[in-house]
Amino acid sequence: AEGILKAAFKHCTADIHHADIFHTQALEIAAGHALHAEGGACNPFHCICLQLIFIGFDRLPQLFAVHRPRAVVVHGDTVTAFAGMLCAFLCGIPVIHIEAGLRTKDPHAPFPEEFFRTSIDAAADLLLPPTDDAMRTLLREGRDAKNIVICGNTAIDALRLTLQTTESEARLDNVAHLDGSPLPHDLMQGKRLLLLTTHRRELHPQQMLDMLRGIAA
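Each value, and the rule that gives it
- Residues numbered from 1 in each chain as written.
- Predicted model: local features only at pLDDT ≥ 70, side-chain atom pairs only at ≥ 80, totals over all residues.
- Heavy atoms only, no water.
- Helix = DSSP H or I, 4+ residues; strand = E, 2+ residues; numbered from the N terminus.
- Contact = heavy atoms within 4.5 Å.
- Areas by Shrake-Rupley, 256 points an atom, 1.4 Å probe, with all protein chains shown as cover.
- Pairing = 2+ DSSP bridges.
- Axes fitted to C-alpha atoms, helices over the stretch in contact; angles between N-to-C directions.
- Buried < 20%, exposed > 50% of the residue type's maximum accessible area, 1.4 Å probe, protein only.
- Patch = residues over 30% accessible without salt bridge, like charges linked within 9 Å, V, L, I, M, F, W, Y side chains within 5 Å.
- Salt bridge = Lys/Arg side-chain N within 4 Å of Asp/Glu carboxyl O.
- Phe/Tyr/Trp six-rings, centres within 6.5 Å; stacked < 30°, edge-to-face > 60°.

Quick look at the overall build of the chain
And step 1. Per the secondary structure count, the chain includes 7 helices and 5 strands.
And step 2. The linear arrangement of helices and strands in the chain, starting from the amino end, is β-α-β-α-β-α-β-α-β-α-α-α.
And step 3. Considering only residue pairs separated by 6 or more positions, the chain has 52% of its internal contacts joining residues 24 or more positions apart.
And step 4. In the form shown here, the chain has an accessible surface area of approximately 14,600 Å², with 59% of it arising from carbon and sulfur atoms.

Shown next, in the form of structure tokens:
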């Protein structure tokens, strides 16, 4: 079966570059359609969310009419995943949700992702949770076990695929400060290297300090 990839970019132009590298080099597929929303100080986050929902409602039904998909696959808890689910659901097309079953049980944290992911799961025909815990959450919510398949952590999959396909190996001597200045050569002597990735909403000084203190402890 032929697949149609839709990509949405709401953060920065770097998203387009990184997505292109991953899709074309690691997965050997390319985005056929892209949805863009303009960000900036005069266009806050909630406006970008509404833009992408409206753009999705305008574009996706047209694509569905042309390509007649047997199912629509949405990933994660983003506004575009929500818009894709809602359009497919209203068009009577089965929905497959990758990264299903993640919950905080607080609709305001993360906001609005907790609402998006619970809504997507409520409408999805096939649920692909990343972990056993996520699967149990779906079962507790009354979802049928025959419609749940654990698919693993897609972020780890992407990391492994990227490492397999990058032209040069990651080396410690290529690591630098944010301003581009090199790190001291003896920084890691006799120490283990820890790679920490954080969600963008945690990139605030106090939250970052709290995370680092917790890891150091």
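Here we look at the sheet that holds strand E3 (residues 72-75)
And step 1. One open sheet holds the 3 strands; their spatial order is E3-E4-E5, and the pairing between them is parallel. Edge positions in the sheet fall to E3 and strand E5 (126-128), since each has one partner strand and no second. Strand-to-strand twist across the sheet, computed as the mean angle between neighbouring axes with direction ignored, equals 15°.
And step 2. Of the strand pairs in this sheet, strand E4 (residues 95-98) and E5 are connected by 3 bridges, and their pairing is parallel.

Some details on helix H4 (residues 113-123)
And step 1. Burial runs high along H4: 8 of the 11 residues are buried.
And step 2. Turning to H4, its buried residues number three or more, namely Glu-113, Glu-114, Phe-116, Arg-117, Ser-119, Ile-120, Asp-121 and Ala-123.
And step 3. Looking at the buried positions of H4, the neighbouring elements they touch are E3, helix H3 (79-90), E4, E5 and helix H5 (132-140).

Quick notes on a nonpolar patch on the surface
And step 1. On the surface, Leu-194, Leu-196, Leu-212 and Ile-215 cluster together to form a nonpolar patch covering roughly 370 Å² of accessible area.
And step 2. Assignment of secondary structure puts Leu-196 in the loop between helix H6 (154-165) and helix H7 (205-216).

With respect to the packing of aromatic side chains
And step 1. Counted according to the given criterion, the structure contains 3 aromatic pairs.
And step 2. When the ring of Phe-82 is compared with that of Phe-115, the centres are 5.7 Å apart and the planes differ by 50°; the resulting orientation is tilted. Note that Phe-82 is positioned in helix H3 and Phe-115 in helix H4, a separation of 33 residues in sequence.
And step 3. Residue Phe-115 is classed as partly exposed on the basis of its relative accessible area of 45%.
And step 4. Here the aromatic cluster, defined as three or more aromatic residues joined through ring pairs, consists of Phe-82, Phe-115 and Phe-116.

Regarding the environment of Glu-141
And step 1. Examined against the element boundaries, Glu-141 turns out to sit in the loop between H5 and H6.
And step 2. Residue Glu-141 is classed as partly exposed on the basis of its relative accessible area of 40%.
And step 3. Linking Glu-141 and Gly-101, residues 40 residues apart in sequence, is a C-alpha distance of 9.3 Å.

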